[in-house]
Amino acid sequence: MITATPSPAELVVGLRGPSPRYKRAEMDRVLEHLDECEQELLSVLREAVDDVVGFGEREGPSSFALLYALHLLARHRSEAAHELLLALLREPEETVDRLLGDAVTEDLGTWLYATAGGSPQGIERLASDRTVWEWVRSAAVDARAMLGDSDPALRDETVVFLQALLMDDEEPDGGEAPTAAAKALLDLGHGESADLLREAIQQERLDPWAMDASDIDIALSEAGQAGEYVGGRLARYLPEDDPHKALSWWAAFEENRDDSSPWLAPSPGQDRKAVVKKAGVKKKSRNKAEKKARRKQRKRR
C-alpha cells in the first residue's frame with residue numbers, strides 16, 4: 001500500500017501546540033522536506049509578527065512552534081525570514097522574552113546571521129536602535145561580527161561599526177550593546193582595537209561583570225584565524241551533522257526537568273528571573289535593578 005506524502009501544512013502543524021518533549025520525529029519529517037516546507041514555516045513566523053498576543057494565546061505557554069520554525073528557517077538560510085524576524089524583535093522586551101525565552105541569548109545571533117543573506121544593513125539598524133531590548137541588540141551585534149568574520153570584504157566595515165557602537169556617548173554606562181561590541185572585537189582578534197577597549201573600560205562604558213582590562217590581551221592572544229569565530233558559532237547553533245543539537249537539550253524537554261537550573265534554558269513563557277532567584281545564582285547583567293545600582297555608584301565616584 002502506497003502512503004501519500006503529507007503536505008507541507010500537515011508536516012509543519014506537527015510542530016505546533018504543546019511541546020512537553022522535544023519533537024524530534026516531527027522535526028525530522030520537516031527536515032526531509034525543508035524546501036517544500038519553507039513557506040509554511042514562514043507562515044508560523046508571519047503569524048507571530050502579525051498578532052503577537054493572539055499567537056501566544058493560541059499556541060499556549062508550552063509551545064515551541066516559533067522556535068522550531070526559526071531554527072529550521074535559519075538552517076535553510078531562508079532570507080525571506082530575515083525581515084520578519086527583524087520586525088518581531090522590535091516588539092517590547094516582555095513580548096520578545098515571552099515568545100523566544102533564552103533563545104535570545106543562545107540562538108538569536110546565529111539566526112540573524114543565517115537569514116541575512118550576507119547583508120548587514122538590517123542587523124546594523126537593529127543593533128543601533130536603543131528602543132530595542134538590549135539583549136536583542138547584543139545578539140544583533142554578534143550577528144554583525146559573524147558577517148564580518150565570514151566575509152573578508154565586510155571585515156573592515158564591521159570593525160568600524162563595532163568601534164563606533166563601543167564609543168557611542170548616547171549608550172548607557174555598562175550597556176549590553178557596547179559590551180557585546182567589545183567582545184566581538186576581541187573575538188575577531190582585532191588587536192588594533194586594544195587601546196580603544198582599554199579606554200572604554202576606563203570610561204566605564206562596559207559591563208564590569210563581563211570584561212575588564214586583564215581580559216584584553218588574553219582574548220586577543222587566543223583569537224583564531226578569520227572564519228573560526230563564525231565557524232564555531234555555526235557548529236554550536238546550526239551544526240551540519242546534528243540538526244537537533246541546538247534545541248533538544250533545553251530544560252523544557254527534560255522528562256524530569258528541574259527548571260531551577262541556571263544552565264538550562266527555561267521554556268518560553270516562564271519567568272526567568274524567578275528561576276534565577278530560585279537557583280540562588282546571579283545571571284550576569286539580566287537584573288535591571290542591580291545594573292541601575294551599579295551605574296549610579298559609578299557616577300558618584
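Residues numbered from 1 in each chain as written. Predicted model: local features only at pLDDT ≥ 70, side-chain atom pairs only at ≥ 80, totals over all residues. Heavy atoms only, no water.

In terms of helices and strands, the protein chain carries 19 helices and zero strands. Taken across its 301 residues, the protein chain has 50% of its residues classed as buried. Counting contacts in the protein chain only where the partners sit at least 6 residues apart, residues at least 24 apart contribute 72% of the total. Summed over its atoms, the accessible surface of the protein chain is roughly 14,400 Å², and 49% of this surface lies on carbon and sulfur atoms. (Helix = DSSP H or I, 4+ residues; strand = E, 2+ residues; numbered from the N terminus. Buried < 20%, exposed > 50% of the residue type's maximum accessible area, 1.4 Å probe, protein only. Contact = heavy atoms within 4.5 Å. Areas by Shrake-Rupley, 256 points an atom, 1.4 Å probe, with all protein chains shown as cover.)

With eleven of its eleven residues buried, helix α5 (residues 65-75) lies for the most part within the structure. Among the residues of α5, A65, L66, L67, Y68, A69, L70, H71, L72, L73, A74 and R75 are the ones counted as buried.

Quick look at the pattern of salt bridges now. All told, the structure shown has 17 salt bridges when counted by the stated rule. A salt bridge links D169 to R205; the nearest nitrogen and oxygen atoms lie 2.7 Å apart. You can see D169 sitting in the loop between α12 (152-166) and α13 (176-187) and its partner R205 sitting in the loop between α14 (194-202) and α15 (213-222), a full 36 residues away along the chain. D169 sits in the exposed class, given a relative accessible area of 62%. Given a relative accessible area of 14%, R205 falls into the buried group. (Salt bridge = Lys/Arg side-chain N within 4 Å of Asp/Glu carboxyl O.)

Another aspect to go through is the packing of helix α2 (residues 24-32) against α5. Relative to each other, α2 and α5 sit at 35 degrees, their axes nearing to 12 Å. The chirality of how α2 crosses α5 is right-handed. Contacts between α2 and α5 involve M27, V30 and L31 on the former and, on the latter, Y68, H71, L72 and R75. In terms of residue class, the contact of α2 with α5 is built from five nonpolar, one polar and one charged. (Axes fitted to C-alpha atoms, helices over the stretch in contact; angles between N-to-C directions. Left-handed = near helix turned anticlockwise from the far one by under 90°. Nonpolar A, V, L, I, M, F, W, Y, C, P; charged D, E, K, R; others polar.)

Attention shifts here to the nonpolar core. The biggest cluster of nonpolar side chains holds 87 residues, and the ones touching the most others in it are L41, L100 and L112. The biggest single contributor to this core is helix α11 (residues 134-150), with nine residues. The residues touching L112, leaving out its near neighbours within four places in the chain, are H82, L85, L86, L89, I123, L126, A139, A140 and A143. (Core = buried A, V, L, I, M, F, W, Y, C linked by side-chain atoms within 4.5 Å.)

Using the criterion set out here, one finds four aromatic pairs in the structure. Between F64 and Y68, the ring centres sit 6.3 Å apart and the planes meet at 45 degrees, which makes this aromatic pair tilted. Here F64 falls in the buried class, since its relative accessible area comes to 2%. Exposure remark for Y68: the relative accessible area of 0% places this residue in the buried category. Here the aromatic residues Y22, F64, Y68, W249 and W250 are joined through ring pairs into a cluster of three or more. (Phe/Tyr/Trp six-rings, centres within 6.5 Å; stacked < 30°, edge-to-face > 60°.)

The next point concerns the packing of α12 against α13. The N-to-C vectors of α12 and α13 enclose an angle of 140 degrees; their axes lie 8 Å apart at closest approach. Comparing their axes, α13 and α12 come out oblique. Of the two elements, α12 crosses α13, and the hand of that crossing is left-handed. In this structure, α12 uses V159, L162, Q163, L165 and L166 to contact α13, whose residues at the interface are A177, P178, A181, A182, A184 and L185. (Parallel < 35°, antiparallel > 145°, perpendicular 65-115°, else oblique.)

On to the side chain of T110. Looking at the element boundaries, T110 is found in helix α9 (residues 108-115). According to the relative accessible area criterion, T110 is buried, its value standing at 0%.

This part is about α12. With 15 residues, α12 ought to run about 21 Å at 1.5 Å a step, and its terminal C-alpha atoms sit 21 Å apart, in line with that. All of the buried residues in α12 are L154, T158, V159, F161, L162, L165 and L166. Against α10 (121-128), α11, α13 and α14 lie the buried residues of α12. Structurally, the start of α12 carries an N-cap: the backbone nitrogen of A153 is 3.0 Å from a side-chain oxygen of D151. (Expected span 1.5 Å × (residues − 1). Polar contact = N/O pair within 3.5 Å; in protein donor to acceptor, adjacent residues only side chain to side chain.)

It is worth stressing that arrangement in space is one thing and function is another; only the former is reported here.
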